[in-house]
Amino acid sequence: MKYKILPILICIPLLFISCAQPNSNLNGAVSSTSRIASQVGIDILKQDGNAFDAIVATGFALAVTSPANGNLGGGGFLTARTADGNLVSLDFREKAPELSYEKMFLDSEGNYVRELALFSHISAGVPGTVNGLIKIFNDYGSGNFTLAEIIQPAIDLAEQGFPLEENAAYGFDNNKKYFVQDSGSNEIFVKNTNNEVDFLIQQFKNNSITQEEYENKLSEINEWETGDIFIQKDLAETLKRISKNGVDGFYNGETARLIIEEMKKNNGFISIEDLKNYDSVYREPIVGTYREHTVVSMGPPSSGGTLLVQMLNMLENYELQNIERNSTEFVHLLTEIQRLAYADRAVHLGDPDFWKNPIDMLISKEYANERLKLISHDKATSSTEIAAGNEYKESMETTHYSAMDKNGNTAGITTTINFSYGNKKIVDGAGFLLNNEMDDFSSKPNVPNAFGLIGGEANAIEPFKRPLSSMSPTLIVDKNGQTILTVGAAGGSRIITAVLQIIISVIDHNLNIQEAMDVGRTHSQWLPDLIFYEKNALTKETIDELKLLNHSFYNNDNLPGNYYLARTHGIQRKNGIFITGADKRGKQNGNEAITY
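Parameters at a glance
Residues numbered from 1 in each chain as written. Predicted model: local features only at pLDDT ≥ 70, side-chain atom pairs only at ≥ 80, totals over all residues. Heavy atoms only, no water. Helix = DSSP H or I, 4+ residues; strand = E, 2+ residues; numbered from the N terminus. Rg over C-alpha atoms; globule rule 2.2 N^0.38 Å. Buried < 20%, exposed > 50% of the residue type's maximum accessible area, 1.4 Å probe, protein only. Areas by Shrake-Rupley, 256 points an atom, 1.4 Å probe, with all protein chains shown as cover. Lys, Arg positive; Asp, Glu negative; His and termini not counted. Charge placed at Lys NZ, Arg CZ, Asp CG, Glu CD. Pairing = 2+ DSSP bridges. Phe/Tyr/Trp six-rings, centres within 6.5 Å; stacked < 30°, edge-to-face > 60°. Salt bridge = Lys/Arg side-chain N within 4 Å of Asp/Glu carboxyl O. Axes fitted to C-alpha atoms, helices over the stretch in contact; angles between N-to-C directions. Parallel < 35°, antiparallel > 145°, perpendicular 65-115°, else oblique. Left-handed = near helix turned anticlockwise from the far one by under 90°. Contact = heavy atoms within 4.5 Å. Nonpolar A, V, L, I, M, F, W, Y, C, P; charged D, E, K, R; others polar. Expected span 1.5 Å × (residues − 1). Bend = angle between axes of the 7 residues up to and from the residue. Arc of directions from axis to C-beta.

1. Structural notes on the overall build of the protein
When you go through the protein residue by residue, the secondary structure sums to 21 helices and 19 strands. The C-alpha radius of gyration computed for the protein amounts to 23 Å, which stays within 12% of the reference 25 Å derived for 596 residues, consistent with globular compactness. The C-alpha extent of the protein, read off along each of the three principal axes, is 65 × 55 × 40 Å. Burial analysis of the protein (596 residues in total) assigns 65% to the buried set. Summed over its atoms, the accessible surface of the protein is roughly 21800 Å², and 48% of this surface lies on carbon and sulfur atoms. Looking at the protein, you have 52 positive and 75 negative side-chain charges, and the mean spots of the two groups are 2 Å apart.

What follows is the structure, encoded as structure tokens:
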């Protein structure tokens, strides 16, 4: 679907300052979790590609350089705006296979079985990434490139290899205990140059060491190093088939055969019919306003856009520019409002092809004002006292990437395979990991998932259904009709609140996008009834004052000093200058956001 935003004609001053940074320029920008992938997108822009060409090229490159999250075996959402003002919202979320059923992750006594939901082949939904990226390219690309030209940089990176960044090397070693359980993953991600890993596995199988000893010793073998050249021959062949045959290169032919063979060997549910029948879907975007700016975000099966607009509608009633960021007053207000929105998420939102989502109600200013009557400015409102109006575990390993061009095209994609490296299972011969996205459904209504999110009938497992998500690729359009911000995040249920706080920082507190990303963040989500916070976000005095207001906190005592709630990426445009933002959280390499 296409929607057009006209300029808002009410004149107000711009609320954020111009910012000259080293990473700013006039022609375009790409921001992603991998500098190598971002450079692929920039190279496309330099060759007269538009933002859509660039973001598709970046997406395929991320499937090579960032297998923990930017994988061919996953899915996601696009929120975009074309140079002539049309809004684009594409859902390429994974779908439940036809063989799926509501209680597939419960044992005979009705208990949730974590191993099945996270690490088995039945945890995999039908991947949507390839279908979605190709649809974006075909429908909105500049026409200056063939699909083969867009994918060739990713093929080269897979076939010839690339130097590992520090976080990737750490991720491979840190997940060895999972990778060694799958022959394909073991072959690709476990370096094992001196056979130490094989020896340990044999000791464990022979009961010579305990499981605890095995895992401890395995974790001590850190063989990957920053700069090691990482080659993925099977993935290169898969990319070549996509390059040559388009969608059929993945959902039909040799790659599809390899996927089905993997399913049959391991009792998975995805069938050849599931692959052939998969299609991404254009959805109606969520559109709201905040202080005379237009907010454009993703609708169901993402909960992100709906909750974001709902919370901004409530916050619009307060003069946030006069409230100190992360003060007691600020955090209390934010927590109360987040609690109300996430309560609605639990009851009202699901795949729109299966569930009637009351979007008009949830994003209306009137509804926001009604919900505000439930909060107290003097003490914390207990989540048990709040129901959804008129009446689950998401992984950190999502990734967001964005592109803007000088003509005004803006595209933001958030994509995931759910947990870091999905279910840790490689499709043998195809070189990519399977997702464990089926766990994003409500496996058991009203029982929290790994992130404590509660879900009910709206997000119950059904064949062909897409699970509810928090992914929130979001655009901000100013009063003159210019897209001034594209932003998104990785972090499961914390995505929405991270994007919310960046928007507040830019519009209310006059920060540029990088400064906004650097501010410490907090998070609340109805249940569990806790405030989560980064260690640099709150002072001890603020925490003590919030406790006096009856707020409870997640215990950070045993968390590392670099603990973070979400990772964000985005691009800001001001006076024709592109300014990129790349979150420093969890980042051990160079700036992944590039302008030219």
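Having seen the structure, we can now continue with the description.
2. Structural notes on the pairing of strand 11 (residues 398-405)
Most of strand 11 is tucked away, with 8 of its 8 residues classed as buried. Of the two faces of strand 11, both are covered, the one formed by T398, H400, S402 and M404 as well as the one formed by T399, Y401, A403 and D405. Two strands pair when backbone bridges link them, and strand 3 (residues 28-31) and strand 11 are joined in this way by 4 bridges, in the antiparallel orientation. From the neighbouring strand, V30 faces strand 11, where its bridge partner is A403. In this antiparallel pair of consecutive strands, strand 11 and strand 12 (residues 410-416), the connection spans 4 residues, and G408 shows a positive phi of 105 degrees.

3. Section: the packing of aromatic side chains
Under the defined criterion, the tally for this structure stands at 20 aromatic pairs. Aromatic side chains F189 and F230 sit 6.0 Å apart centroid to centroid with 25 degrees between the ring planes, which places their arrangement in the stacked category. Taken together, the residues span a long stretch of sequence, with F189 in helix 8 (residues 183-189) and F230 in strand 7 (residues 229-230) at a distance of 41 residues. Judged by relative accessible area, F189 falls into the buried class, the value being 1%.

4. Observations regarding the pattern of salt bridges
Per the stated rule, a full pass over the model turns up 28 salt bridges. In this structure, the salt-bridge partner of D440 is R93, at a minimum N-O distance of 2.8 Å. For D440, a relative accessible area of 2% translates into the label buried. E370 is paired through a salt bridge with K373; the nearest N and O atoms lie 2.9 Å apart. Accessibility expressed as a relative area gives 45% for E370, which makes it partly exposed. By relative accessible area, which is 61% here, K373 ends up exposed.

5. Structural notes on the packing of helix 16 (residues 328-348) against helix 21 (residues 540-548)
The contact between helix 16 and helix 21 brings their axes to 9 Å, and the two run at 50 degrees. Considering their axes alone, helix 16 and helix 21 lie oblique with respect to each other. Between helix 16 and helix 21 lies a crossing of right-handed hand. Contacts between helix 16 and helix 21 involve T328, V331 and H332 on the former and, on the latter, T542, E545 and L546. Along the lines of polarity and charge, the residues of the contact of helix 16 with helix 21 split into 2 nonpolar, 3 polar and 1 charged.

6. Notes on helix 5 (residues 147-160)
In this model, helix 5 (14 residues) spans 20 Å end to end at C-alpha, consistent with the 20 Å of a helix rising 1.5 Å per residue. Its axis deflected by about 30 degrees at P153, helix 5 carries its strongest bend there. Every buried residue of helix 5 is listed here: L147, I150, I151, A154, I155, L157 and A158. Its buried side turned inward, helix 5 meets helix 1 (35-46), helix 2 (51-65), helix 4 (129-140), strand 6 (162-163), strand 7 and helix 11 (233-245). Once helix 5 ends, the next one or two residues include G161, with phi positive near 90 degrees.

7. Regarding helix 18 (residues 365-372)
Turning to helix 18, its buried residues are Y367, A368, R371 and L372. Taken around the axis of helix 18, the buried residues stretch over an arc of 140 degrees, which confines them to a single face. The inward-facing, buried residues of helix 18 contact helix 15 (304-315), helix 16 and helix 17 (359-362).

8. Digging into the environment of L433
Relative to the helices and strands, L433 resides in the loop between strand 12 and strand 13 (474-477). You can call L433 buried: its relative accessible area is 0%. For the pair L433 and D405, spaced 28 residues apart in sequence, the C-alpha to C-alpha distance is 32 Å.

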